[in-house]
Amino acid sequence: MNTHNISDELLNAFVDNELDSDEKSEIFDALGKDESIRDRICELRSMKEMLKHAYSQPPVRDSSPIKKLFSWWIPCVKNMPSLASCMLLLLIGWGSGWLMSPSLHSNSNPKLLHLFQAAQSNIFTENPDNIIVHVSNSNPIRLRSALDETENLLEANRRSNRNFKVEIIANAGGVDLLRSDVSPFAKRITLMKAKYPNLELIACSQTIAKLQENGIAVLLLPDTGVASSAVEQINKRLHQGWDYVRI
Amino acid sequence: MKILSIFSDSSTCQKQLEQVRPKLFRLVFSWCHNAALAEDLVQETLIKALKNANQLRDPRSMNGWLFSILANCWRDHFRLRSPTKDADEIEDYHCVNQTTPEDEHAQSQLISHVWKAVEKLPMGQRQVLTLVDLEDFSYIEVAAILSIPIGTVMSRLCRARQALKHLLKELAPQQSAHVAQIRRIM
C-alpha cells in the first residue's frame, strides 16, 4: 500500500479497532515505512485519551433519580403475576372500550385513549389509578389535544362514579396553557375546573422564574398550583403510582 | 417472556441501570456542558425506558437501546423548542450556559480546553465523537443509536477529530507571545 494513500478515515478506523486483520496488517506495514503515519496515529490516540480523561469526572448533581424511579418500579415487578392478570383485564377493557367508542379513534393520543378506555371499564373500581398529564409545548394544537383528552378522561370518570384524579402539569412552553393572559383556552379550563373537582392544574416554578427573569409577568389561572419543579412533581406522582402521559 | 425476564429480577435491573446512568449522564453532558439539562435528559431517558420496556427485544442490547432513547430525547428536546431546525445544526448558544460547570473546573486547564473545543464542534460531529471515544461504541452501534448511515459516522468522526486537533491548538495558552508583549511594554 502506498502510504500516501492512507486516508484519515482509515487511520481513524485503525485507532478505533474497526479494521479487519488484513487492513490492520497493511497499516502496520505502512507504520514501519513512513514516520508521518506513526505521528498521525499517535496524535489520534492521544486525542482519544485526552477526551476520555476530560470527561472522566463530569459534575454530578445531588440527586438519585434511579432510586426514585425504582421505588415506583420495584413493587410492580415484585407483583408480576398480578400485573399479568391486570394486563389481561386491561386488554379486555381496551377491546370493549374500543368497540364502544369509535368517535375517539382519530386524533387521540394512544396512551390517553388506552387510559380513557380503561376508565370506561370498571377495572380500577377498587383501586383507581390517578393520571398525570404532562404538557411542555405551547403549540395550540397540542394544548387543545391535552384538554380534549383530559376532558374525555374526566367525563368517563364522572359517568362511572369513579374517583381518580387527573393532574395537568405544565412546564416550558406548556405553562402558556395555564397563564390567564396568554392561554387560548382560559375560559374552557375555568369551566372544566368548575365541572370536574378531580382536575388539578400545576405549573412549574422554574419555568415561571425563567419567564420572570426575562421581564415577563406571569399570571396564572385561578386555582392553579405551583410545583418547585415539573420533573420532581412527575417523579413524586410516579412514586405514588400515578399513570404518566406526555402530550 | 424474555422481556419480562429482564425486569423480573429487580435488583439486576436496578444494578444495570445504576451502572449505565453515569455513562448516560457523561455522554449527554459532553453534548451540552450543562449539568442540570443533562440530568433532566437522563431522567427522561430512564422514564421512557421503563415505560417502553416491552420494546427491548434482546437484553444484551440494553446499553445501545438506552443510548438510542437518550439521543431521541436530546433531539426531541430541541425540536420541541425550535421545530424548523435540524438537531445537527443546533448552535452552541442553545446548549451552553454562561455559568457552565466548566468554571468550577477551571483549575484544570487541559479539561477546560478540551471542553471548550468540544463545545465548538457541530452537534452531529460531537455526538459521534463522544459515543465512539467516551463510550467505546463501534461505528455500527453509533449508526444505530443516531439513526444515520455508517458512512456518515465515519466522515463525521474524521471531521470531528480534524477540527478538534485545530481547536485544541487554537485554545492552548500561548505563553511566549504573552511574555514578548510584556517585554515590549516595559
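Residues numbered from 1 in each chain as written. Chains lettered and ligands numbered in written order. Predicted model: local features only at pLDDT ≥ 70, side-chain atom pairs only at ≥ 80, totals over all residues. Heavy atoms only, no water.

Caption draft 1: How the structure looks around the packing of helix 3 (residues 35-54) of chain A against helix 8 (residues 150-171) of chain B. Where helix 3 of chain A meets helix 8 of chain B, the closest approach of the two axes is 11 Å, and the angle between their N-to-C directions is 80°. With respect to helix 8 of chain B, the axis of helix 3 of chain A lies roughly perpendicular. Contact with helix 3 of chain A, carried on its side by E43(A), L44(A), M47(A), K48(A), M50(A) and L51(A), involves R161(B), L164(B), K165(B) and L168(B) of helix 8 of chain B and no other residues of that element. Taken together, the residues that form the contact of helix 3 of chain A with helix 8 of chain B break down as 6 nonpolar, no polar and 4 charged. (Axes fitted to C-alpha atoms, helices over the stretch in contact; angles between N-to-C directions. Helix = DSSP H or I, 4+ residues; strand = E, 2+ residues; numbered from the N terminus. Parallel < 35°, antiparallel > 145°, perpendicular 65-115°, else oblique. Contact = heavy atoms within 4.5 Å. Nonpolar A, V, L, I, M, F, W, Y, C, P; charged D, E, K, R; others polar.)

Caption draft 2: Focus on a negative patch on the surface. Together, D20(A), D22(A), E23(A), E26(A) and D29(A) line one region of the surface with negative charge. Within the secondary structure, D22(A) sits in helix 2 (residues 21-33). (Patch = residues over 30% accessible without salt bridge, like charges linked within 9 Å, V, L, I, M, F, W, Y side chains within 5 Å. Areas by Shrake-Rupley, 256 points an atom, 1.4 Å probe, with all protein chains shown as cover. Salt bridge = Lys/Arg side-chain N within 4 Å of Asp/Glu carboxyl O. Lys, Arg positive; Asp, Glu negative; His and termini not counted. Charge placed at Lys NZ, Arg CZ, Asp CG, Glu CD.)

Caption draft 3: Quick look at the nonpolar core. One finds F67(B), W74(B), L131(B) and L164(B) to be the most contacted residues of the largest nonpolar core, which totals 68 residues. With 10 residues, the single largest contributor to this core is helix 4 (residues 62-81) of chain B. (Core = buried A, V, L, I, M, F, W, Y, C linked by side-chain atoms within 4.5 Å. Buried < 20%, exposed > 50% of the residue type's maximum accessible area, 1.4 Å probe, protein only.)

Caption draft 4: Structural view of the pairing of strand 1 (residues 131-135) of chain A. All names here are of chain A. The buried count for strand 1 comes to 5 of 5 residues, which makes it a mostly enclosed element. In strand 1, alternate side chains face the same way, and those of I131, V133 and V135 on one face and I132 and H134 on the other are all buried. In the sheet, strand 1 pairs with strand 2 (residues 166-170) via 5 bridges, with the strands oriented parallel. Across the sheet, V133 pairs through a bridge with I168, a residue of strand 2. (Pairing = 2+ DSSP bridges.)

Caption draft 5: Inspection of helix 9 (residues 205-213) of chain A at higher detail. Residue and element names in this part refer to chain A. Within helix 9 the residues assigned to the buried category are T207, I208 and L211. On an axial view of helix 9, the arc spanned by its buried residues comes to 100°, and they lie on one face. Every exposed residue of helix 9 that faces more than 90 degrees away from the buried side is listed here: K210 and E213. Positive backbone phi, at 80°, marks G215, one or two positions downstream of helix 9. (Arc of directions from axis to C-beta.)

Caption draft 6: Expanded view of the side chain of D133(B). In this fold, D133(B) is placed in helix 6 (residues 123-133). Relative accessible area serves as the criterion here: at 2%, D133(B) is assigned to the buried category.

Caption draft 7: Highlighting the packing of aromatic side chains. Residues and elements named next belong to chain B. This model, assessed by the stated rule, comprises 7 aromatic pairs over all chains. Measuring from ring centre to ring centre gives 5.0 Å for F29 and W115, while their planes differ by 70°; the resulting arrangement is edge-to-face. Placement of the pair is F29 in helix 2 (residues 10-32) and W115 in helix 5 (residues 109-120), with a sequence separation of 86 residues. We note that F29, like W115, is buried. (Phe/Tyr/Trp six-rings, centres within 6.5 Å; stacked < 30°, edge-to-face > 60°.)

Caption draft 8: Fine view of empty space enclosed by the protein. Applying the stated rule across the entire model yields 2 cavities of 30 Å³ or more. Here the second largest cavity defines a volume of roughly 30 Å³. Looking at the second largest cavity, the residues that line it are M47(A), K48(A), L51(A), L129(B), D133(B), R161(B) and L164(B). Only helix 3 of chain A together with helix 6 and helix 8 of chain B provide two or more residues apiece to the lining of the second largest cavity. (1 Å grid on protein atoms, 1.4 Å probe; cavity = no way out; pocket = protein on both sides within 12 Å on 5 of 7 lines; lining within 4 Å. Points joined across faces, edges and corners; volume = space filled by probe spheres on them.)

Caption draft 9: Layout of the pattern of salt bridges. Enumeration over the complete set of coordinates arrives at 16 salt bridges over all chains. Between R40(A) and D8(A) there is a salt bridge; the shortest N-O distance is 2.8 Å. You can see R40(A) sitting in helix 3 and its partner D8(A) sitting in helix 1 (residues 8-15), a full 32 residues away along the chain. For D8(A), a relative accessible area of 28% corresponds to the partly exposed category. With a shortest N-O distance of 2.7 Å, D133(B) and R161(B) are connected by a salt bridge. Linking D133(B) in helix 6 with R161(B) in helix 8, this pair joins segments that are 28 residues apart in sequence.

Caption draft 10: Just the sheet that holds strand 2 of chain A, in detail. All names here are of chain A. The 5 strands lie next to each other as 4-3-2-1-5, forming an open sheet whose pairing is parallel. Strands at the two margins of the open sheet, each flanked by one partner only, are strand 4 (224-227) and strand 5 (243-246). Within the sheet, the average angular offset between the axes of one strand and its neighbour, ignoring direction, is 25°. Inspection of the sheet shows strand 2 paired to strand 3 (residues 199-204) by 5 bridges, in the parallel sense. Following the sheet pairing, A170 is matched in strand 3 by A203. Here helix 9 sits on the sheet and contacts strand 3 and strand 4; the angle it forms with strand 3, its principal contact strand, is near 50°.

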